[in-house]
Amino acid sequence: MISVDDLKFDANGLIPAVVVDHYSKKVLTLAYMNRESLAVSMQKGLTCFYSRSRRELWLKGETSGNYQHIVSVTADCDRDALVVEVVKDGPACHLGTDSCFNDTLWKSDTLREFSVGELYDLIAGRKTSPQPGSYTTYLFEKGIDKILKKVGEESTEVIIGGKGGSKEETVFEIADLTYHLLVLMVEMGITPTDILRELEKRHVVDKKVKQETMQ
């Protein structure tokens, strides 16, 4: 652990802070802190920044209600920049978007960007904007019973693959099951963050039980 005195603020007394979503690991915004705003952030457990244009402190969410609850603050190797991991109450951007970083400047033709969150959003789009010929749209049109049937079928396929000892087959079937679980989640209004939060709660409980056992 380091202290604030170990940090290197610039000539204006500021240090850049990259704010990252605790669950998705998505970069939400880049802001600046001075010693005072950093102290407020650590005291309240909420992000507080220094506005270079207004030349004053601003507590994120104080006006909008979109507070950012701090999980951790980490300095880089030179200790002149911070990564602030947060659990957010709402959009990070003043434009109402999830992140301030939305305008793509360049993308590789060979390296593909992929995440479970991105797949979830694509599936959700097939529900709100049905596409003719889309299997995902077909599942939503058939409804919950069809979706649950497919989840059951794919679960069985995973068991068969695992029992057979084939890693390749099991990976393939787990991918199928994951896709259908995401369809079920969209149908029921469950987000990936909901699942991560539940797993995180169990992880905390598990650690507490282990600590009590060791005492």
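Residues numbered from 1 in each chain as written. Predicted model: local features only at pLDDT ≥ 70, side-chain atom pairs only at ≥ 80, totals over all residues. Heavy atoms only, no water.

The name an unreviewed UniProt entry assigns to the protein is Histidine biosynthesis bifunctional protein HisIE, from the organism Candidatus Limadaptatus stercoripullorum. Here the protein is described in UniProt, under the heading Subcellular location (unreviewed entry), as follows: "Cytoplasm". (UniProt positions renumbered as here; feature names shortened; annotations may be inferred.)

Caption draft 1: Spotlight on helix H1 (residues 35–44). Within the span of H1, buried status applies to Ser 37, Leu 38, Val 40 and Ser 41. Projection of H1 onto a plane perpendicular to its axis shows the buried side chains occupying an angular sector of 160°, all on one side. Those residues of H1 that are exposed and angled more than 90 degrees off the buried face are Glu 36 and Gln 43. If you follow the buried residues of H1, they end up packed against strand E2 (27–33), strand E3 (48–51), strand E4 (56–59), strand E5 (68–75) and strand E6 (82–88). Of the residues flanking the start of H1, the one acting as N-cap is Asn 34, its side-chain oxygen 3.2 Å from the backbone nitrogen of Glu 36. Gly 45 sits one or two positions beyond H1 and adopts a positive phi of about 75°. (Buried < 20%, exposed > 50% of the residue type's maximum accessible area, 1.4 Å probe, protein only. Helix = DSSP H or I, 4+ residues; strand = E, 2+ residues; numbered from the N terminus. Arc of directions from axis to C-beta. Contact = heavy atoms within 4.5 Å. Polar contact = N/O pair within 3.5 Å; in protein donor to acceptor, adjacent residues only side chain to side chain.)

Caption draft 2: Quick peek at the sheet that holds E2. Sheet architecture is open: four strands sit in the order E2-E1-E6-E5, paired in mixed fashion. Both outer strands of the open sheet, E2 and E5, are each paired with one neighbouring strand and no more. Going from strand to strand, the sheet's axes swing by 25° on average, the running direction of each strand aside. With five bridges joining them, strand E1 (residues 15–21) and E6 adopt parallel strand pairing. Bridge assignment links Asp 21 to a residue of E6, and that residue is Val 86. (Pairing = 2+ DSSP bridges. Axes fitted to C-alpha atoms, helices over the stretch in contact; angles between N-to-C directions.)

Caption draft 3: How the structure looks around a nonpolar patch on the surface. There is a patch of nonpolar side chains on the surface, built from Val 27, Leu 30 and Phe 101 and spanning about 270 Å² of accessible area. With respect to the helices, strands and loops of the structure, Val 27 is situated in strand E2. (Patch = residues over 30% accessible without salt bridge, like charges linked within 9 Å, V, L, I, M, F, W, Y side chains within 5 Å. Areas by Shrake-Rupley, 256 points an atom, 1.4 Å probe, with all protein chains shown as cover. Salt bridge = Lys/Arg side-chain N within 4 Å of Asp/Glu carboxyl O.)

Caption draft 4: Looking closely at the layout of surface pockets. Estimates place the volume of the largest pocket at around 980 Å³. Lining the largest pocket are 28 residues, and of these Ser 24, Lys 26, Asp 98, Gly 117 and Asp 121 lie nearest its centre. Contributing elements (two or more residues each) for the lining of the largest pocket: E6, helix H2 (116–128) and helix H6 (192–214). In terms of residue class, the lining of the largest pocket is built from 10 nonpolar, eight polar and 10 charged. Taken as a whole, the second largest pocket holds about 380 Å³ of empty space. In terms of lining, the second largest pocket is formed by 19 residues, of which the most central are Thr 29, Leu 30, Ala 31, Trp 58 and Cys 100. (1 Å grid on protein atoms, 1.4 Å probe; cavity = no way out; pocket = protein on both sides within 12 Å on 5 of 7 lines; lining within 4 Å. Points joined across faces, edges and corners; volume = space filled by probe spheres on them. Nonpolar A, V, L, I, M, F, W, Y, C, P; charged D, E, K, R; others polar.)

Caption draft 5: Spotlight on the side chain of Thr 29. As for its position among the elements, Thr 29 is in strand E2. In contact with Thr 29, not counting residues within four places along its chain, are Ala 17, Val 18, Val 19, Cys 100 and Phe 101.

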